[in-house]
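Chain and residue survey
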Amino acid sequence: MDFAMDEKYEEHRKKVRDFAKKEFTEKIAEDCDTGEKYPEELRRKAFEAGLMDFTDPWKILITIEELCSVDESLGVAVTTPYFGAEVLMLFGSDYLKEKYLTPVNTGKAIMGLAVTEPGGGSDVAGIKTRATLEGDHYVLNGSKMFITNGSIANHFVLLARTSDEEKKHHGLSCFVVESTFEGFKANKLKGKMGVRATDTAELQLNNVKVPKENLIGEPGKGFYYIMTFFNISRIYVAAQGLGVAKGALNLSMSVAKNMGESYVSQESVQFEISEMATRFEAARLLTYKAASFLFNFNPNPTLTSMAKFYAAETAVFCTERSVEITGMNGVFGQLERFLRDAKILEIWEGTSEVEKLIIARNLIKEGGVS
Ligand SMILES: Cc1cc2nc3c(=O)[nH]c(=O)nc-3n(C[C@H](O)[C@H](O)[C@H](O)COP(=O)(O)OP(=O)(O)OC[C@H]3O[C@@H](n4cnc5c(N)ncnc54)[C@H](O)[C@@H]3O)c2cc1C
């Protein structure tokens with residue numbers, strides 16, 4: 001077992017870190033946070049710098065971790081124009097890949113993934129948006145809630161109900177829906193607690209005509225495609241958590257040091273630093289282990305859910321403790337933003353409760369841990 005990463009990955013880590021330190025200025029971070037502005041200019045710069053290398057998932061993981069260690073909100077904003085791309089990559093026809101994936105991979109378009117509805121996000125099988133086949137197209141009606149890139153994306157991978165099966169999840173299908181299709185409307189949601197540089201919207205679909213060829217894969221397989229996607233994307237959310245935990249810990253240590261030698265040598269402060277650093281290392285081991293299974297085409301959903309749940313919790317823990325040990329200095333600026341931004345990690349791509357249910361159900365089936 002070798003825990004050292006290949007030299008090429010350390011070089012990539014340094015490249016991303018240098019990019020974030022130079023480009024994620026405090027002014028941009030603050031402006032996007034207070035003004036709830038999407039950093040389009042940064043997105044273009046990050047794309048041009050080649051930070052998201054889809055030929056190597058380890059590089060993507062490292063990119064997300066390092067960008068989020070400087071600012072989670074900006075880090076997520078510039079790494080999610082591709083959100084949902086894996087569904088198209090794995091299950092889309094050549095036609096769909098060429099039409100919808102190529103522009104995203106070349107930085108010309110932004111996409112999103114629309115699953116959650118106003119009635120709830122955890123119960124994916126319970127979604128109500130309906131797609132009815134009429135001749136050479138489907139007609140979509142319904143609404144989606146809390147959709148990242150909702151008001152800026154060119155198109156979405158969208159989950160809708162195509163039939164009423166006894167097992168609800170058997171009646172779902174995925175479609176590509178363009179934001180310019182007639183009857184499609186996005187309402188930007190404002191006032192989020194954190195990740196305010198990311199765009200979030202409610203989507204309304206009112207008799208939206210979607211060409212038949214925009215059905216992804218087979219009808220009735222949508223639930224399976226989305227779960228496959230979550231087993232990939234949860235690794236990247238865990239990477240967001242690692243970045244946030246590391247960023248908050250390192251920043252709070254430097255703030256505490258500046259508060260004086262006598263302050264940082266207090267036992268209570270040192271206990272907090274030790275606990276944050278230990279949890280961070282544990283979260284990173286778990287995330288990299290789950291990632292190595294996935295990236296070697298042998299996904300382990302139990303480990304993936306553990307990594308997502310634990311890295312998210314670690315991010316929240318470290319941001320809270322960072323504010324605590326820096327007192328008044330932590331209540332303003334970067335640490336305060338880290339704390340607000342971290343909470344979403346326990347919610348999106350499956351709440352911590354949902355991850356724990358997956359872990360327990362799998363372990364009960366498998367008879368425990370190996
Ligand atoms: C900023 C932001 C961006 C988002 N981006 C996207 C996006 O791009 N695409 C998308 O599709 N969705 C997106 N979401 C939605 C997100 O995935 C959902 O918020 C999440 O899945 C939880 O769903 P919910 O908020 O409807 O909560 P609910 O599912 O209603 O859950 C409420 C609470 O009940 C708990 N709970 C639910 N079911 C169970 C159960 N069976 N057992 C125990 N506890 C349970 C949950 O853990 C939670 O604490 C985003 C959300 C936010 C806030």
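Computed from a predicted model, the values in this text were never measured in an experiment.

Rules behind the numbers
- Residues numbered from 1 in each chain as written.
- Predicted model: local features only at pLDDT ≥ 70, side-chain atom pairs only at ≥ 80, totals over all residues.
- Heavy atoms only, no water.
- Domains from an automatic or database assignment.
- Contact = heavy atoms within 4.5 Å.
- Buried area = accessible area lost by both parts, 1.4 Å probe.
- Salt bridge = Lys/Arg side-chain N within 4 Å of Asp/Glu carboxyl O.
- Core = buried A, V, L, I, M, F, W, Y, C linked by side-chain atoms within 4.5 Å.
- Buried < 20%, exposed > 50% of the residue type's maximum accessible area, 1.4 Å probe, protein only.
- Helix = DSSP H or I, 4+ residues; strand = E, 2+ residues; numbered from the N terminus.
- Polar contact = N/O pair within 3.5 Å; in protein donor to acceptor, adjacent residues only side chain to side chain.
- Patch = residues over 30% accessible without salt bridge, like charges linked within 9 Å, V, L, I, M, F, W, Y side chains within 5 Å.
- Areas by Shrake-Rupley, 256 points an atom, 1.4 Å probe, with all protein chains shown as cover.
- Phe/Tyr/Trp six-rings, centres within 6.5 Å; stacked < 30°, edge-to-face > 60°.
- Near = heavy atom within 4 Å.
- Arc of directions from axis to C-beta.

Focus on the domain arrangement of the protein
- With domains assigned, the protein is organised as domain 1 (7-79), domain 2 (86-98 + 109-220) and domain 3 (224-366).
- The centre of domain 1, based on its C-alpha atoms, is set 18 Å off from the matching centre of domain 3.
- Opposite the 20 residues of domain 1 that make contact, domain 3 presents 23 residues.
- Summed over both partners, the interface of domain 1 with domain 3 buries about 1,800 Å², with 58% contributed by carbon and sulfur atoms.
- The largest share of the area that domain 1 buries against domain 3 comes from Trp-58, Glu-65 and Glu-72, three residues that together contribute 32% of it.
- Summed over the shared surface of domain 1 and domain 3, the number is six salt bridges.

Some words on the nonpolar core
- Counting 111 residues, the largest nonpolar core has Phe-24, Leu-61, Leu-88, Leu-113, Leu-140, Val-177 and Ile-216 as the members making the most contacts within it.
- It is helix α8 (residues 222-258) that provides the largest number of residues to this core, a total of 16 residues.
- With sequence-adjacent residues up to four places away left out, Ile-216 is seen in contact with Val-87, Leu-88, Phe-91, Gly-92, Leu-96, Val-157, Cys-174, Phe-175, Val-176 and Tyr-225.

A closer look at the side chain of Glu-117
- Of note, Glu-117 is situated in the loop between β1 (111-114) and β2 (130-134).
- For Glu-117, a relative accessible area of 8% translates into the label buried.
- In this structure the side chain of Glu-117 is engaged in a polar contact, spanning 2.7 Å, whose partner is the side chain of Thr-129.
- Residues in contact with Glu-117, not counting those within four places in the same chain, are Ile-127, Lys-128, Thr-129, Ser-143, Lys-144 and Met-145.

Re a nonpolar patch on the surface
- Taken together, Met-1, Phe-3 and Leu-285 make up a surface patch of nonpolar side chains, about 460 Å² in accessible area.
- Mapped onto the elements of the fold, Phe-3 is located in the segment before α1 (7-23).
- Note on Phe-3: relative accessible area 62%, which makes it exposed.

With respect to the packing of aromatic side chains
- This structure, assessed with the given rule, holds 12 aromatic pairs.
- Their ring planes at 70° and their centres at 5.6 Å tell us that Trp-58 and Tyr-288 sit as a pair that is edge-to-face. In this pair, Trp-58 sits in helix α4 (residues 57-70) while Tyr-288 sits in helix α10 (residues 267-295), placing the two residues 230 residues apart along the sequence.
- Overall, the relative accessible area of 16% leaves Trp-58 in the buried class.
- What makes Tyr-288 buried here is its relative accessible area of 15%.
- Taking the centre distance of 4.1 Å and the plane angle of 20° together, the rings of Phe-91 and Tyr-225 count as stacked. One end of the pair, Phe-91, is in helix α6 (residues 85-91); the other, Tyr-225, is in helix α8, with 134 residues separating them in the sequence.

Examining the pattern of salt bridges
- Applying the stated criterion across every chain yields a total of 31 salt bridges.
- Across the pair Arg-17 and Glu-66 runs a salt bridge, and its minimum N-O distance is 2.9 Å. Within this pair, whereas Arg-17 is found in helix α1, its partner Glu-66 is found in helix α4, the two being separated by 49 residues in sequence.
- Judged by relative accessible area, Glu-66 falls into the buried class, the value being 0%.
- For Lys-343, the salt bridge identified is with Glu-346, shortest N-O distance 2.6 Å.

A look at the site of the ligand
- What surrounds the ligand is a group of 20 residues, the closest being Thr-116, Gly-121, Ser-122, Thr-351 and Glu-353.
- One of the backbone nitrogen or oxygen atoms of Val-115 is found 2.9 Å away from an oxygen atom of the ligand.
- Within the contact set of the ligand, a nitrogen atom lies 2.7 Å away from a side-chain nitrogen or oxygen of Thr-116.
- Protein contact buries 66% of the 970 Å² of open area that the ligand shows by itself.
- Listed by contribution, the elements that provide at least two residues to the shell around the ligand are β1, β3 (137-148) and α14 (352-366).

Concerning helix α3 (residues 40-48)
- Residues of α3 that are buried include every one of Leu-42, Arg-43 and Ala-46, and no others. Summarising the axial view, the buried residues of α3 lie within an arc of 105°, below the 170-degree limit, and thus occupy one face.
- Where α3 is buried, its residues touch α1, α2 (26-35) and α5 (72-79).

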